[in-house]
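Here are the chains, one letter per residue:
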Amino acid sequence: SAEELKKQEKKVRRRGSLGIILSLIVLCVIISILSPRFLTVANLTNVLSQATVSAIISVGEFLAILTAGIDLSIGSILAIAIMMLGIFAVNMQMNPILAIMLALAVGTLIGLFNGLLLTKLRLPHPFISTMGTKMIARGLALAVTAAQPISGFAPSIQFLGSSFIGPIPASVILVGIVYAIMYVFMTRTSTGRHIYAVGGNVEASRLSGINVHKVLLIVYALSGFFAALAGLLLVGRVNAAYPLAGVDYETDAIAAVIIGGASFSGGVGKIVNTVIGVLIIAVLRNGLNLLNVDSAFQTVAIGVVIILAVYLDVVRQKSSVIHK
């Protein structure tokens, strides 16, 4: 019956969530055995701080993948957003709060542009549209300051990326707030439910009265917003905006989302699991650094993780079909 199928799906999802958490725990245990420095307070704080940029930018990727799409432009959107932040806040000496708002608006508008390419120009797949936007945004990031970095940001702009509230980095608190808000948004609002519905079946969603174009515009606008917000954290950490920031960030974000249990087929995934996927990648990178593994082989390791994540997605889809 339909009820029994729903119960089976819930059980499978719970097992998947537990499996993701268990994977993170096992990885932490293995690295802590290989390197005693891993479990120090300073190192764990460093891991969390470094994971915050990826955690924020992965929210937008999660939304795109949830609609059976993808956003390859988030790294480039981050770059153009922080370069514009540098122009507004440093070169033009604009009020820091206003400069931040404008930079976030830049990211949101470019994300909205991605959505318009899909809905108005009806490009066949977001892979194409976001790939084009990726190149445009990166070119603009290089052009606006002739490929020169901008530094010397005000303390108020650096706050989120570099300050602590008590013993906890402000960036970690921001990630917690963002994920809490998005959890409520995805589970308690009609728009959140519509995003899941569109990812599950576009045509059925359209026939049921859901404005599919509106949903896609919201998703890609939010993706651009979160890319810009992640850029704000990055600027806070390094006190500089540089045009090559965010290169390959979309790769880690996609891997984190898929490791977190979302599916390329759309309609499946939990926002909370995405941050676990982010932590798995962050812990892996940190562990490889502690073990003095060459950066080239670190790249190989992340590539293997991505392939395994996609393979697990394929296995999950086959298992879902068998249960149905």
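See the structure above.
The sections below set out a description of the structure shown in this document. Everything quoted here is computed from the prediction, not taken from an experiment.

Reading guide: rules and limits
Residues numbered from 1 in each chain as written. Predicted model: local features only at pLDDT ≥ 70, side-chain atom pairs only at ≥ 80, totals over all residues. Heavy atoms only, no water. Helix = DSSP H or I, 4+ residues; strand = E, 2+ residues; numbered from the N terminus. Rg over C-alpha atoms; globule rule 2.2 N^0.38 Å. Areas by Shrake-Rupley, 256 points an atom, 1.4 Å probe, with all protein chains shown as cover. Expected span 1.5 Å × (residues − 1). Polar contact = N/O pair within 3.5 Å; in protein donor to acceptor, adjacent residues only side chain to side chain. Axes fitted to C-alpha atoms, helices over the stretch in contact; angles between N-to-C directions. Parallel < 35°, antiparallel > 145°, perpendicular 65-115°, else oblique. Contact = heavy atoms within 4.5 Å. Nonpolar A, V, L, I, M, F, W, Y, C, P; charged D, E, K, R; others polar. Phe/Tyr/Trp six-rings, centres within 6.5 Å; stacked < 30°, edge-to-face > 60°. Buried < 20%, exposed > 50% of the residue type's maximum accessible area, 1.4 Å probe, protein only. Salt bridge = Lys/Arg side-chain N within 4 Å of Asp/Glu carboxyl O. Core = buried A, V, L, I, M, F, W, Y, C linked by side-chain atoms within 4.5 Å.

Moving on to the overall build of the protein. Within the protein, the secondary structure is distributed over 13 helices and 4 strands. Its C-alpha radius of gyration of 20 Å places the protein within 12% of the 20 Å reference for a compact globule of 324 residues. Projecting the C-alpha coordinates of the protein onto the three principal axes gives extents of approximately 65 × 55 × 35 Å. Accessible surface, the protein: about 15600 Å² in total, of which carbon and sulfur atoms supply 69%.

For helix α4 (residues 96-119), spanning 24 residues, the distance from its first C-alpha to its last is 34 Å, which sits close to the expected 34 Å at 1.5 Å a residue. At the N-terminal boundary of α4, the capping side chain belongs to Asn95, with an oxygen 2.9 Å from the backbone nitrogen of Ile97.

Relative orientation of the contacting elements helix α6 (residues 155-162) and helix α10 (residues 212-238) amounts to 100°, with a least axis distance of 6 Å. Viewed along their axes, α6 and α10 adopt a mutual orientation that is roughly perpendicular. Side by side, α6 and α10 meet where Ile157, Gln158, Leu160, Gly161 and Ser162 of the first sit next to Leu232, Leu233, Val235, Gly236 and Arg237 of the second. For the contact of α6 with α10, the residue count by class is 5 nonpolar, 4 polar and 1 charged.

Turning our attention to the packing of aromatic side chains. In the structure shown here, the tally under the stated rule is 1 aromatic pair. When the ring of Phe225 is compared with that of Phe226, the centres are 5.3 Å apart and the planes differ by 75°; the resulting orientation is edge-to-face.

Moving on, we get to unusual backbone geometry. Of note, Gln93 is a non-glycine position whose phi angle comes to about 55°, a positive value. Structurally, the position occupied by Gln93 is in the loop between α3 (74-91) and α4. A positive phi is found at Ala147, a non-glycine position, where the angle reads about 65°. As for its placement among the helices and strands, Ala147 is situated in the loop between α5 (126-143) and β1 (150-151). A residue is classified by how much of its surface remains accessible, and Ala147, at 37% relative accessible area, is partly exposed.

This part covers the pattern of salt bridges. A complete count under the given rule lists 3 salt bridges for this structure. Here Lys134 and Glu250 are joined by a salt bridge, their closest N and O atoms 3.0 Å apart. In this pair, Lys134 sits in helix α5 while Glu250 sits in helix α11 (residues 249-259), placing the two residues 116 residues apart along the sequence. Glu203 is the salt-bridge partner of Arg206, the closest N and O atoms lying 2.9 Å from each other. Here Arg206 and its partner Glu203 are both found in helix α9 (residues 202-207), 3 residues apart, which amounts to about one turn of the helix. Given the relative accessible area of 41%, Arg206 is considered partly exposed.

The subject of this paragraph is the nonpolar core. Core analysis: the biggest nonpolar cluster contains 93 residues, and Leu85, Phe153 and Met182 have the highest contact counts within it. In this structure, Phe153 is in contact with Leu85, Gly86, Ala89, Val90, Gln158, Val235, Asn239, Ala240 and Ala241, ignoring residues within four places of it in sequence.

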